[in-house]
Amino acid sequence: MKINKLFNLICISGVLIFGSCSSDDDAGSVNQIEEPTTYVFERDDITTVSFGGQTTRIAMSEEIIKAFMDTSFDEAKIDGMYAHEENKPDFSDENLNSSDKSARSKTADSRDYFFENVTTATAIKNEFDGWIKGQVDDVFPNWTTEAKAGIAGFIQEGGADPATRYVTAKGLELNQAFAKSLIGALMTDQALNNYLGTSVLDEADNVENNNNGVVVEGKNYTKMEHKWDEAYGYLYGASENTATPNTTIGADDSFLNKYIGRVENDDDFKGIAASIYNAFKLGRAAIVAKEYTVRDQQAAIIREKVSQVIGVRAVYYLQQGKKALEVSTVDYATAFHDLSEGYGFIYSLQFTRNPDTNAPYFSRTEVQALINQLMGGTNGLWDVTPETLQTISEAIAAKFDFIVEEAGS
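These figures come from a predicted structure and were not determined experimentally. (Residues numbered from 1 in each chain as written. Predicted model: local features only at pLDDT ≥ 70, side-chain atom pairs only at ≥ 80, totals over all residues. Heavy atoms only, no water.)

Draft legend 1. A look at the overall build of the chain. Looking only at helices and strands, the chain features 16 helices and seven strands. Relative to a compact globule of 409 residues, whose C-alpha radius of gyration would be 22 Å, the chain shows 22 Å and is just as compact. If you line up the chain on its principal axes, its C-alpha atoms span 75 × 50 × 40 Å. Among the 409 residues that make up the chain, the fraction classed as buried is 54%. At a minimum sequence separation of 6, the contacts of the chain that also span at least 24 residues come to 66%. Of the roughly 17,500 Å² of accessible surface on the chain, a fraction of 46% belongs to carbon and sulfur atoms. Mean positive and mean negative side-chain charge positions of the chain (35 and 62 charges, respectively) differ by 2 Å. (Helix = DSSP H or I, 4+ residues; strand = E, 2+ residues; numbered from the N terminus. Rg over C-alpha atoms; globule rule 2.2 N^0.38 Å. Buried < 20%, exposed > 50% of the residue type's maximum accessible area, 1.4 Å probe, protein only. Contact = heavy atoms within 4.5 Å. Areas by Shrake-Rupley, 256 points an atom, 1.4 Å probe, with all protein chains shown as cover. Lys, Arg positive; Asp, Glu negative; His and termini not counted. Charge placed at Lys NZ, Arg CZ, Asp CG, Glu CD.)

Here is the structure:
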């Protein structure tokens, strides 16, 4: 079922009209929601939009992934950044140091997926901790060693403007695996499976308070409004203009925003950025209008489209790595860089959300099987074949509404 066919919209002079069909002209009422042109919402001429915690966690995550490329950092330092505690001097920005937020506390921490699944949540957090440890213990000590199968170190790209890649003994760039996996485990999971979920939006007396315009003490927003905004913040919290973020989509952070922009720039998926942004705007307007069915329909659109971004980029990087392995003189640095990014997007598939099933497009078990296909040889990426990359790509595309050729271009 296509999400954009879930309901019909009739747009008249910028007003969206929602109603149920009936043969009885007097049955039911028609409610109107004015379609907002920007993500600007106010009460008494004061903004009701707030997502500072999300902006903070994005900024923290940016510094963490930079630390993966600084051999002066030890494990304790990077661990401290990831699991930051208030007023600890972990970051270069004092505003981040004074924050009580951390990236680790919200990794695999959504209400819908992990509230009753603490064992899996802990295992996922431990995997992120392990990537930090691996970078410090295995990659940093071999920073000036040329990598080979079974030996960590650096690989130099070919071409006119070569880059140096630093990989494990199995060819994996842990900085890329960490960063791209965080897109799923933090940004996607929190947005799709926490803040857009009815268990959070409708928690306790949220509906009653929103219906009656009861705001959070000391704030100008209802709790429901704020929860929706927090989902928005994980996509647009670092945007140059958070009211109209698509003007710079893809350029504002290294996480979901960046890759929505990358997928938007692929002609096969043109319009996906507008679909996501418009659903956020209309869903927020529906909360103001107390139209919760419309709100949930927009959440379903966001879940489908953001999940598709994850799937598309997983296939894209697998296909780019495949191309790099198929040339007569293999550029392993380029291949492993693409496949390390692909690794992270595959890992992120377990945090996607299929709106038809309310489950991830790929379970954790399925994701682990795909990663084992990618890395399961004795020497990991040094052993992977183009045929295996094609098989994994086809398995991912089959769960989404695209084909390998579209995503891989």
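Draft legend 2. Highlighting the packing of aromatic side chains. Counted under the stated rule, the structure contains 32 aromatic pairs. With a centroid separation of 5.1 Å and 40° between ring planes, the pair formed by Y332 and W382 is classed as tilted. Here the residue Y332 occupies a position in helix α13 (residues 332-348), and W382 occupies one in the loop between α14 (364-375) and α15 (386-397), the gap between them amounting to 50 residues. Overall, the relative accessible area of 32% leaves Y332 in the partly exposed class. Members of the aromatic cluster, each reached through a chain of ring pairs, are F68, Y82, Y113, F114, F128, W131, F178, Y343, Y347 and F351. The aromatic ring of F115 is capped on one face by R111, whose charged end is 5.8 Å from the ring centroid. One Lys or Arg, K399, reaches over the ring of F362 and ends 4.1 Å from the middle of that ring. (Phe/Tyr/Trp six-rings, centres within 6.5 Å; stacked < 30°, edge-to-face > 60°. Lys NZ or Arg CZ within 6 Å of the ring centre and 35° of its normal.)

Draft legend 3. Molecular detail of the side chain of T222. Residue position: T222 is located in the loop between α8 (206-211) and α9 (223-236). Judged by its relative accessible area of 1%, T222 falls in the buried class. Non-local contacts of T222, meaning those with residues more than four positions away in its chain, are made with R43, N209, N210, G213, V214, V215 and V216.

Draft legend 4. Region of the structure containing the packing of helix α5 (residues 118-139) against helix α6 (residues 174-195). Contact geometry of α5 with α6 gives a least axis separation of 10 Å together with a crossing angle of 165°. Considering the angle they form, α5 stands roughly antiparallel to α6. Handedness of the α5/α6 crossing: left-handed. Contacts between α5 and α6 pair I124, F128, W131, I132, G134, Q135 and V139 from the former with L174, N175, A177, F178, S181, L182 and A185 from the latter. (Axes fitted to C-alpha atoms, helices over the stretch in contact; angles between N-to-C directions. Parallel < 35°, antiparallel > 145°, perpendicular 65-115°, else oblique. Left-handed = near helix turned anticlockwise from the far one by under 90°.)

Draft legend 5. Quick look at α5. Compared with the 32 Å implied by 1.5 Å per residue over 22 residues, the 30 Å span of α5 between its first and last C-alpha is a close match. For α5, every residue scored as buried is listed here: T120, A121, I124, K125, F128, W131, I132, G134, Q135, V136 and V139. Contact partners of the buried residues in α5: α2 (75-82), α4 (111-114), β7 (164-167), α6, α13 and α14. (Expected span 1.5 Å × (residues − 1).)

Draft legend 6. Structural view of the side chain of N97. Its location among the elements puts N97 in helix α3 (residues 94-97). The exposure class assigned to N97 is buried, which follows from its relative accessible area of 4%. There is a polar contact of 3.0 Å between the side chain of N97 and the backbone nitrogen of D90. In terms of polar contacts, N97 uses its side chain to reach the side chain of E94, at 3.2 Å. (Polar contact = N/O pair within 3.5 Å; in protein donor to acceptor, adjacent residues only side chain to side chain.)

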